[in-house]
Amino acid sequence: MTVSIWQADGTQPVREVDFLVVGAGIAGCASALFASQAGRDVVVTDARDIALGASGRNAGFMITGLADYYHKGIEQFGHAAARELWALSIKTHDYWRAWAREAGGVHMDQRGSMLLAESLEEAKELELAARALNADGIEAIYHAADPLKRGYFAAVEQPWDGSVQPVELAQAVLRLSGAEFIANNEAYKVEQISAELVAVHTRKVIFHARYVMLCTNAYSFTLHPYFRGMVIPQRAQVMVTEPLPDSVIPVCGYSDYGYMYYRMTHDNRLLIGGGRHKFFEQEADTTDDRVTDGVQGYLDGYMRRFFPEVNARVDRRWAGTMGFSADGVPLVGTLPDSPRIGFAVGFTGHGLAFAAGTAERAVDHLLYGTHPGALWAGRLTR
Ligand SMILES: Cc1cc2nc3c(=O)[nH]c(=O)nc-3n(C[C@H](O)[C@H](O)[C@H](O)COP(=O)(O)OP(=O)(O)OC[C@H]3O[C@@H](n4cnc5c(N)ncnc54)[C@H](O)[C@@H]3O)c2cc1C
């Protein structure tokens, strides 16, 4: 997003704040909560409103871990980092559950995940994933046949996973933070102006903040060039049916290496998402939230193939923009030469798996200089 000179000509009022969070998705709301628990006086601002980005458009799956299977994560990042990220993901889910309980009013469940193979080759990968998890003492149950009896080749069951109504979650976390929220207020320039002060130019106000946390995920590159090539926008699409008379699937299902996903919503609709792997070029590097015939047609076809008994109207189709980090792991750090401007971005389609734990490390890094471990963004620029 950009701001024209007519919308803000630099004469906006200056406002002193202690801790400013830019972006009111789940990462921004969680950052606000951790900052406020650390005793800071927090203001959150967003170009639009709370959870109008990916956080309010996602499919609500609380699956543990990275986008790729566990053994692949070990190959890519090393055993210690894969373990650390898995633990961070569990911690994130623990935070969501605790906050949802404390705040109330959030539809959340723990019905478990089933990762399903659409081919024999994928079945082998799933077996390797389960073995690697079990070797690290993590409960994951490998099924050599399809437990759902819907034509898959094998499955891995993760009984502790679940799902959530994501807008309710973001609202609950912001509420718990006690932070002031200013909506409809794009930030268009951010710069550290002295050792202890950051200026954030927004459409309504020029903030002078002691600390700033950028939680602008896929849109980060529009605010600061540092993020170009570090966080890449990717579109994801979803559809939901009208409410069904009965549940057709008791768990959260994933197939085709996680590119396809489905579940029942709390009001008994069948939600199906994914399909971007069939249209990679079209779905990559865009912040356009429109649905496309190609992907939506693929979702329709998936429903016909794996849920032939469902003969229901599709009530809603939508899209949203995810921020993929260059290596698939979230990014925590401060901007170059700006130790008071922190960020927590790059959730790679797994914000519900990582945003709370990432926000905690980002706030600690910004306030106390604590090393963010495997999330340290410097790994990409070294
Ligand atoms: C269709 C879809 C399905 C998904 N399904 C899942 C799922 O099932 N499970 C899962 O874990 N993840 C899923 N994801 C990914 C998940 O939604 C994200 O990882 C997560 O929401 C990221 O949260 P965030 O707060 O970092 O970003 P966002 O929610 O995108 O928040 C960023 C905020 O920053 C604001 N902003 C941007 N630029 C500016 C600016 N210049 N000034 C002020 N404000 C600004 C935006 O308006 C926005 O509100 C899905 C995503 C999509 C799109």
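These figures come from a predicted structure and were not determined experimentally. (Residues numbered from 1 in each chain as written. Predicted model: local features only at pLDDT ≥ 70, side-chain atom pairs only at ≥ 80, totals over all residues. Heavy atoms only, no water.)

Taken together, 35 residues are adjacent to the ligand, and D46, S55, F61, A187 and L352 come closest. Here A59 contributes a backbone N or O atom positioned 3.0 Å from a nitrogen atom of the ligand. In this structure, F61 approaches the ligand through a main-chain N or O atom, which is 2.9 Å from an oxygen atom. When the ligand sits alone it has 1,000 Å² of accessible area, and the protein chains cover 99% of it. For the shell around the ligand, the secondary structure elements donating two or more residues are α1 (26–37), β13 (231–241), β17 (314–325) and α9 (351–368). Shared between two domains, the shell around the ligand holds at least three residues of each, these being domain 1 (1–111 + 161–230 + 327–382) and domain 3 (232–325). (Near = heavy atom within 4 Å. Polar contact = N/O pair within 3.5 Å; in protein donor to acceptor, adjacent residues only side chain to side chain. Areas by Shrake-Rupley, 256 points an atom, 1.4 Å probe, with all protein chains shown as cover. Helix = DSSP H or I, 4+ residues; strand = E, 2+ residues; numbered from the N terminus. Domains from an automatic or database assignment.)

The next subject is the sheet that holds strand β15 (residues 260–264). Strand order in this open sheet of eight strands is β6-β7-β5-β14-β15-β16-β13-β17, and the pairing throughout is mixed. Each edge of the open sheet carries a strand with a single partner, namely β6 (141–143) and β17. Within this sheet the neighbouring strands show an average axis-to-axis angle of 20°, counted without direction. Pairing geometry for β13 and strand β16 (residues 270–274), over three bridges, is antiparallel. Bridge pairing in β16 places M239 opposite I272. (Pairing = 2+ DSSP bridges. Axes fitted to C-alpha atoms, helices over the stretch in contact; angles between N-to-C directions.)

A few words on the packing of aromatic side chains. Scanning all chains against the criterion turns up 18 aromatic pairs. Measuring from centroid to centroid gives 5.9 Å for Y262 and Y302, while their planes differ by 45°, and the two rings are tilted. Residue Y262 is located in strand β15, and its partner Y302 is located in helix α8 (residues 293–306); the two are separated by 40 residues in the primary sequence. The exposure classification of Y262 matches that of Y302, with both residues buried. On the numbers, 4.6 Å between centres and 45° between planes, the contact of Y302 with F306 is tilted. With a gap of four residues between them, Y302 and F306 both fall in helix α8, about one helical turn apart. No difference in accessibility class separates Y302 from F306, as the two residues are buried. Chaining the aromatic ring pairs together yields one cluster made of Y152, Y262, Y302, F306 and F307. In this arrangement the basic side chain of R263 is found over the ring face of F61, its NZ or CZ atom lying 5.6 Å from the centre. Of note, R340 hangs over the ring of Y211, and the distance from its end group to the ring centre comes to 4.3 Å. (Phe/Tyr/Trp six-rings, centres within 6.5 Å; stacked < 30°, edge-to-face > 60°. Buried < 20%, exposed > 50% of the residue type's maximum accessible area, 1.4 Å probe, protein only. Lys NZ or Arg CZ within 6 Å of the ring centre and 35° of its normal.)

On to the domain arrangement of the protein, then. According to the domain assignment, the protein contains domain 1 (1–111 + 161–230 + 327–382), domain 2 (113–159) and domain 3 (232–325). Listed per partner, the contact involves 11 residues of domain 2 and 17 residues of domain 3. Buried surface at the junction of domain 2 and domain 3, both sides included, amounts to about 1,200 Å², of which 46% is carbon and sulfur. In terms of surface lost to domain 3, no three residues of domain 2 exceed E118, R150 and Y152, which account for 49% of the buried area on that side. Counting across the interface, domain 2 meets domain 3 through two salt bridges. Elements with a minimum of two residues in the side of domain 2 that touches domain 3: β5 (113–116) and α4 (120–135). Per-element accounting of the side of domain 2 that touches domain 3 gives the leading share, four residues, to β5. Here the side of domain 2 that touches domain 3 is composed, by residue class, of five nonpolar, one polar and five charged. (Contact = heavy atoms within 4.5 Å. Buried area = accessible area lost by both parts, 1.4 Å probe. Salt bridge = Lys/Arg side-chain N within 4 Å of Asp/Glu carboxyl O. Nonpolar A, V, L, I, M, F, W, Y, C, P; charged D, E, K, R; others polar.)

As for its placement among the helices and strands, H365 is situated in helix α9. Discounting chain neighbours no more than four positions away, the residues touching H365 are V332, G333, T334, T370 and P372.

In this section: the environment of A170. By secondary structure assignment, the location of A170 is in helix α5 (residues 166–177). Residue class for A170 comes out buried when judged on its relative accessible area of 0%. Taking C-alpha positions, A170 is 32 Å from G78, a pair spaced 92 residues apart along the chain. Filtering out sequence-adjacent residues up to four positions away, A170 remains in contact with I26, C29, I50 and A51.

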